[in-house]
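What follows is the residue order along each chain.
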Amino acid sequence: MTKPNLLSGMQPSAASLHLGNYLGALTQWVKMQDDFNAYYVIVDLHAITVSQDPSELRQNTRRTAAQYIAAGIDPSKSALFVQSHIPAHAQLAWVLNCITGFGEASRMTQFKDKSQKGGADNSSVGLFTYPILQAADILLYQPKAVPVGEDQRQHLELTRDLATRFNSRFGKTFEIPEAHILKETAKIYDLQEPTAKMSKSAQDPKGLVNLMDEPSVIAKKIKSAVTDTDGEIRFDREAKPGVSNLIGIYSAVTGESVESFTSSLQGQGYGALKTAVADAVVAELDPIRLRAQELLADPAELDRLLAQGAAKANQIAERTLSDVYDKLGFVRP
Ligand code: ATP
Ligand code: LTN
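Residues numbered from 1 in each chain as written. Chains lettered and ligands numbered in written order. Predicted model: local features only at pLDDT ≥ 70, side-chain atom pairs only at ≥ 80, totals over all residues. Heavy atoms only, no water.

*Asks:* Please provide a residue-by-residue account of the site of ligand 1, values included.
*Replies:* With respect to spatial proximity, 15 residues lie near ligand 1, and among them H18, I188, K197, S199 and S201 are the closest. A distance of 2.9 Å separates a nitrogen atom of ligand 1 from a polar atom in the backbone of M198. S201 is positioned with one of its side-chain polar atoms (N or O) 2.7 Å from an oxygen atom of ligand 1. Considering ligand 1 on its own, with 600 Å² of exposed area, one finds that the protein chains cover 76% of that surface. Of the residues contributing to the shell around ligand 1, the split by class is 5 nonpolar, 7 polar and 3 charged. (Near = heavy atom within 4 Å. Polar contact = N/O pair within 3.5 Å; in protein donor to acceptor, adjacent residues only side chain to side chain. Areas by Shrake-Rupley, 256 points an atom, 1.4 Å probe, with all protein chains shown as cover. Nonpolar A, V, L, I, M, F, W, Y, C, P; charged D, E, K, R; others polar.)

Now the structure itself:
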């Protein structure tokens with residue numbers, strides 16, 4: 001039986017993924033590669049919707065790829081590739097631009113947020129059409145499932161609307177993809193500000209555990225995590241966000257339930273809690289960091305793996321694009 005297709009994407013916008021990206025998204029992508037024919041794309045065309053330093057972009061693209069492979073994305077099972085290697089993304093995006101209403105695109109809340117932060121004159125037209133390029137990323141691969149965080153729900157709705165519109169005007173061309181929204185319970189919070197999600201755009205780097213951090217750095221960050229003064233080890237997100245975040249991280253990393261972990265620590269203090277969490281996180285991340293470093297030490301091999309992913313992706317992307325061009329009435333060479 002052939003497996004259904006799955007596609008997801010990540011921006012190469014930082015030198016390291018953080019623990020939130022890893023526990024909230026990447027570990028689930030790793031699990032899903034057995035049940036789906038998975039396509040995982042590093043979206044460099046999306047990255048340039050805001051200004052990028054060229055040498056950092058090049059480095060971050062390879063570093064992102066290395067961390068995904070090190071964390072368990074298997075390039076022999078799934079296609080891991082770079083968006084700009086597949087011309088069809090930009091080509092289909094143009095077609096979809098021409099069936100998207102201006103008002104429809106103007107309603108995207110992520111654009112409103114991002115453009116407000118940078119000021120209207122600093123926002124590019126590329127940032128405005130970002131969700132339409134994302135729709136192209138998805139629709140080229142005919143996926144049934146698209147695993148994303150809650151913040152991407154609106155972009156997935158737009159993608160479904162565009163696919164439905166194209167299919168009804170020109171005949172069945174695209175699979176209508178389902179958003180597979182990653183669990184809220186997998187959400188990891190900032191260690192210094194435990195009511196805010198852990199995010200690479202955080203104010204204070206101490207709040208963020210990075211996959212590429214050395215063990216001593218990880219331990220130090222966890223040991224200086226903000227807690228509270230009542231001294232009780234108990235899971236309660238409202239009353240005890242800092243302690244609950246640490247318990248949540250432990251449970252997500254080890255698979256042990258919150259109840260069993262908290263009862264094992266009864267009578268002990270926050271020092272013991274932090275030591276247990278730091279040890280578990282280091283044990284989980286250290287092999288990933290070392291493997292990523294190994295991969296990065298051989299960029300030619302890494303580029304070969306990405307080229308192999310692109311070759312697999314290009315086949316289906318070209319097939320879909322060619323069908324789209326035919327249906328539109330383009331004269332074919
Ligand atoms: P930003 O700086 O824009 O907030 P980010 O670091 O939060 O970015 P994204 O690139 O938006 O990360 O997200 C990549 C993936 O990681 C998404 O699927 C998202 O849901 C997941 N993710 C990001 N942060 C967390 C978090 N703190 N907890 C759980 N999952 C997260
Ligand atoms: N916008 C997404 C990244 C992204 C994506 C995609 C996710 C680009 N193209 C296609 C899923 C499918 C983000 O910021 N997380």
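Let us keep going from here.
*Asks:* Which residues make up the nonpolar core, and what values do they have?
*Replies:* Membership of the largest hydrophobic core comes to 57 residues, with the highest contact counts inside it found for L80, L273 and V281. Sort the elements by how many residues they give to this core and helix α13 (residues 270–296) lands first, with 11 residues. Look past the residues within four positions of V281 in its chain and what remains in contact with it is L19, V209, I218, I222, I249 and V253. Core analysis: the next-biggest nonpolar cluster, separate from the first, contains 41 residues, I99, L133, L140 and I316 among them. (Core = buried A, V, L, I, M, F, W, Y, C linked by side-chain atoms within 4.5 Å. Buried < 20%, exposed > 50% of the residue type's maximum accessible area, 1.4 Å probe, protein only. Helix = DSSP H or I, 4+ residues; strand = E, 2+ residues; numbered from the N terminus. Contact = heavy atoms within 4.5 Å.)

*Asks:* I'd love a proper account of the packing of helix α4 (residues 88–97) against helix α8 (residues 130–139), names of residues and values included.
*Replies:* Axis separation between α4 and α8 bottoms out at 8 Å; the angle between their running directions is 120 degrees. Accordingly, the angle class assigned to the pair α4 and α8 is oblique. Of the two possible hands of crossing, α4 and α8 adopt the one that is right-handed. Seen from α4, the contacting residues are H89, L92, A93, L96 and N97; seen from α8, they are I132, L133, A135, A136, D137 and L139. Here the residues of the contact of α4 with α8 sort into 8 nonpolar, 2 polar and 1 charged. (Axes fitted to C-alpha atoms, helices over the stretch in contact; angles between N-to-C directions. Parallel < 35°, antiparallel > 145°, perpendicular 65-115°, else oblique. Left-handed = near helix turned anticlockwise from the far one by under 90°.)

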